[in-house]
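# Descriptive structure summary
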Amino acid sequence: MFINFKGAKTYVGTGGKNLETNKTTICFIHGSGQNHLSFVQQARYFAYKGYSVIVPDMPGHGFSDGNPCRSIKENAEWIYDLLKELKAKDIVFVGHSQGCLVGLELNKIYPELLKGIIFVAGSNTIPVNQFLLDLASSNPKKAYKMMVTWGHGKDGAMSIASWPGHSHFGEGFNVMNMNIEDALKLDLEACNEYQDGEDASKKINIPALAVLAKYDQMTPLKSGKKFVDIINNCESHILDCGHFLQAERPKELNLIISSYLDKLENIEII
Amino acid sequence: MSDNYKFDTLSLHAGHIPDKETGSRAVPIYQTTSYVFKDTEEAAALYNMEVGGHLYSRISNPTVSALEQRIAALEGGTSAIACSSGMAAMHLVVTALCSSGDHIVASSKMYGANINLLQHTMPRFGVETDFVNPNDPEAIEKAIKPNTKMVFGEVIGNPGLDIMDVPVVAEICKKNRVPLVLDATFNTPFLMQPFNYGANIVIHSLTKWLGGHGIAIGGAIVNGGNFDWGDKEKFPTISGPHFALGGISFWEEFGPSALTAKIRAEGMYNFGPSLSPTNAFYLMQGIETLPLRMKKHMENTHEILTYLKDHEAVEWVKHPDLETHPDHEVAKKILPKGSGSIIVFGIKGGRKAGQIFIESVQLASHLANVGDAKTLLIHPGSTTHSHLSSEAMKEAGLTDDMIRLSVGLEDIDDIKKDFEKGFRAAKKLIK
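For clarity, every value in this text was computed on a predicted model and none was experimentally measured.

About the thresholds
- Residues numbered from 1 in each chain as written.
- Chains lettered and ligands numbered in written order.
- Predicted model: local features only at pLDDT ≥ 70, side-chain atom pairs only at ≥ 80, totals over all residues.
- Helix = DSSP H or I, 4+ residues; strand = E, 2+ residues; numbered from the N terminus.
- Rg over C-alpha atoms; globule rule 2.2 N^0.38 Å.
- Buried ≥ 20, exposed ≤ 12 C-beta atoms within 10 Å, placed from the backbone.
- Contact = placed C-beta atoms within 7 Å.
- Pairing = 2+ DSSP bridges.
- Axes fitted to C-alpha atoms, helices over the stretch in contact; angles between N-to-C directions.
- Parallel < 35°, antiparallel > 145°, perpendicular 65-115°, else oblique.
- Nonpolar A, V, L, I, M, F, W, Y, C, P; charged D, E, K, R; others polar.
- Left-handed = near helix turned anticlockwise from the far one by under 90°.
- Domains from an automatic or database assignment.

The next thing to look at is the overall build of chain A. For chain A, the helix and strand inventory stands at 12 helices and 8 strands. Since a compact globule built from 270 residues should have a radius of gyration of about 18 Å, the 17 Å found for chain A is in line with a globular shape. Each of the three principal axes of chain A carries a C-alpha extent, and together these read 50 × 40 × 40 Å. Looking at chain A residue by residue over its 270 residues, the buried ones come to 60%. Across chain A, every contact between residues at least 6 apart in sequence was considered, and the portion connecting residues at least 24 apart equals 77%.

A separate point is the overall build of chain B. A count of helices and strands for chain B gives 17 helices and 12 strands. In summary, chain B has a C-alpha radius of gyration of 22 Å against a globular reference of 22 Å for 431 residues, a match within 12%. The principal-axis extent of the C-alpha atoms belonging to chain B is close to 80 × 55 × 40 Å. Per-residue burial for chain B yields a buried fraction of 54% across its 431 residues.

Attention now moves to the sheet that holds strand E7 (residues 219-223) of chain B. All names here are of chain B. Read from one edge of the open sheet, 7 strands run E1-E7-E6-E5-E4-E2-E3, paired in mixed fashion. Among the strands making up the open sheet, the edge pair consists of strand E1 (79-83) and strand E3 (128-132). Ignoring strand direction, the axes of neighbouring strands in this sheet form an average angle of 20 degrees. Summarising the sheet, strand E2 (residues 103-107) and E3 pair through 5 bridges and their orientation is parallel. The residue of E3 that forms the bridge with isoleucine 104 is threonine 129.

With that out of the way, let us pick up the packing of helix H4 (residues 86-97) of chain B against helix H11 (residues 258-270) of chain B. Residues and elements named next belong to chain B. Between H4 and H11, the shortest axis-to-axis distance is 10 Å and the interhelical angle comes to 100 degrees. What the angle tells us is that H4 and H11 run roughly perpendicular. The segment H4 lies against H11, with Leu92, Thr95 and Ala96 engaging Leu259, Lys262, Ile263, Glu266 and Gly267. Classifying every residue of the contact of H4 with H11 gives 4 nonpolar, 2 polar and 2 charged.

This part covers the sheet that holds strand E9 (residues 342-347) of chain B. Residues and elements named next belong to chain B. An order of E8-E9-E12-E11-E10 is seen for the 5 strands of this open sheet, with the pairing classed as mixed. Edge positions in the open sheet fall to strand E8 (314-318) and strand E10 (365-366), since each of these has one partner strand only. Relative to strand E12 (residues 402-406), E9 runs antiparallel, the two sharing 5 bridges. Residue pairing across strands places isoleucine 342 opposite serine 406, the latter belonging to E12.

Residues and elements named next belong to chain B. Orientation of helix H3 (residues 62-75) relative to helix H12 (residues 277-288), taken along the N-to-C sense of each, is 35 degrees, at an axis distance of 8 Å. Classified by chirality, the crossing of H12 by H3 is left-handed. Taken together, the residues of H12 that come into contact with H3 (itself represented by Thr63, Val64, Ala66, Leu67 and Arg70) are Pro277, Ala280, Phe281, Leu283, Met284 and Ile287. Class assignment for the residues of the contact of H3 with H12 results in 9 nonpolar, 1 polar and 1 charged.

Our next topic: the domain arrangement of chain B. All names here are of chain B. As far as domains go, chain B holds domain 1 (7-286) and domain 2 (293-430). On the side of domain 2, 31 residues touch domain 1, which itself brings 25 residues to the contact. If you list the elements that add at least two residues to the side of domain 1 that touches domain 2, you get helix H5 (112-121) and helix H8 (188-191). By residue number, the principal contributor to the side of domain 1 that touches domain 2 is H8, which donates 3 residues. By residue class, the composition of the side of domain 1 that touches domain 2 is 11 nonpolar, 10 polar and 4 charged.

Structure below.
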């Protein structure tokens, strides 16, 4: 659905269902240079399972107008305001890559807001190499291609997709190409500059789930494991794929998230 | 870290990794109509397009899907749909984009069945087409109307071998917010990938060079994922709400793959032009050697061009790689590896001489196909384009004496020897 939010046309995917925020709300936040289509195989799945699903395009990304947020904190504040605007409650946050940093910051600033937090291919620090930062500025399309190549495992490279007839590389590039040109550059800079991840990780006092990728070149597994170890109460899984694991291993990821959500509901009952 | 595999590697591997349970190196032929659901939840998820997977082979099939993913990778598209023929692919695209009251701008110089579909069949359903010269970008732009939903042409025209200046036409389409749909059968992704030049949708007859062995009919639609379908007034059935899946907006839900999702959910589901898994397997076997075959096709084509253009029995020869071809400069720009292995030529002595030539050669086969590994010949005026009026024939660049030659992979000396027999027989008759 399209809404006018903070004076800009903003797209919020709802997984093909009407938004009913009287239910548990799953808020999916995309990574650097991505948009709501990062979660194409999660949004509909959880919406049809009866959850209220919110998958926004951050400003300047996908179908949303406006200028991209310039820091992780600014991203977190924007999402907080959006969740309030939509009257979301019982919120489970799902972040991919940069979205994980945003989730950490959101939970740090508003510790009572979330009831669960899920990190997909995440870490608490995402340093970006200067080459990619420069390329995102000078030749964004080339940077998209590079990220799409780095971001997938063998399945991606060989065009193996559970969605019939799909090519990860072609899809990945065109999803990134929907954003305004400097979206990737500003996102990567925001990731690179974020230094509060360790502190924010230690402050997590809600059940957490981390799903990491064995062949992740964007947020390497080593960094992800270190991150998971800092969190008090974090269930973790490692899938045999690259960074874009929502696309490469959608069914496995959905089952892991479903199981986590079931456990979360049981915790409330107790 | 994944690798950015090159074309030759993708031709062999894309769309399939060895089966984890059986280790099968070749793509298995999933000769099945349907798939057992684990539970009702999984069944519902597939019907609702919540996740990818297969529910019925009219809509998708694992073997066909491997072929689709290979083609999508080779073209650099977001996704592909394979179907029962190239004409089925064409029809799926037209019906996905157009409704009654809509309009198409199409090349006047293309395959007879394409012209038939747009000139005679679609008007019965309220879709009108204006045919224009594909080499006249101004005419193309002039023909675009507010209700135009696609510009359609062939990269290399059949059988006239006109070359569309794709980047120029693509720019016109972009400016007018109309998708450029190209039949890229004659070039294959080995010679040219239309998305690199701004095209939005590619159609293939897989029967031809991609399959390459004349054993299976098939077609494909490849989605470039580079067109903005967000104009709800112009593309209401893509940007939604669509009757399928509870009023879905394919554009909002699937973005660059919106068109593919729509064709899968509507075209494949409602019309059912599915490709058999066995034919998909045959076609994939062909694609595995596409780079090798195309190199040899082009090598032989260039040899035959030299042979024909100097031959005393030949009146004229047409191929875009010849400097005499009116589109030679465009061909050099967009088809640097060569302009395909179809040659058209006229034999001295006109229609009768052509007929004798075709009936006298022994190695080359007289039949209605192109792109086989074997050398093929036909007289378009009396076969593939015989249903066209004289005016349409002229417009399509056809003449009575024209022979269409699809250069095969035989030893070049044997092809030449065979042609000599044909030329001698024709000459004898004329004398």
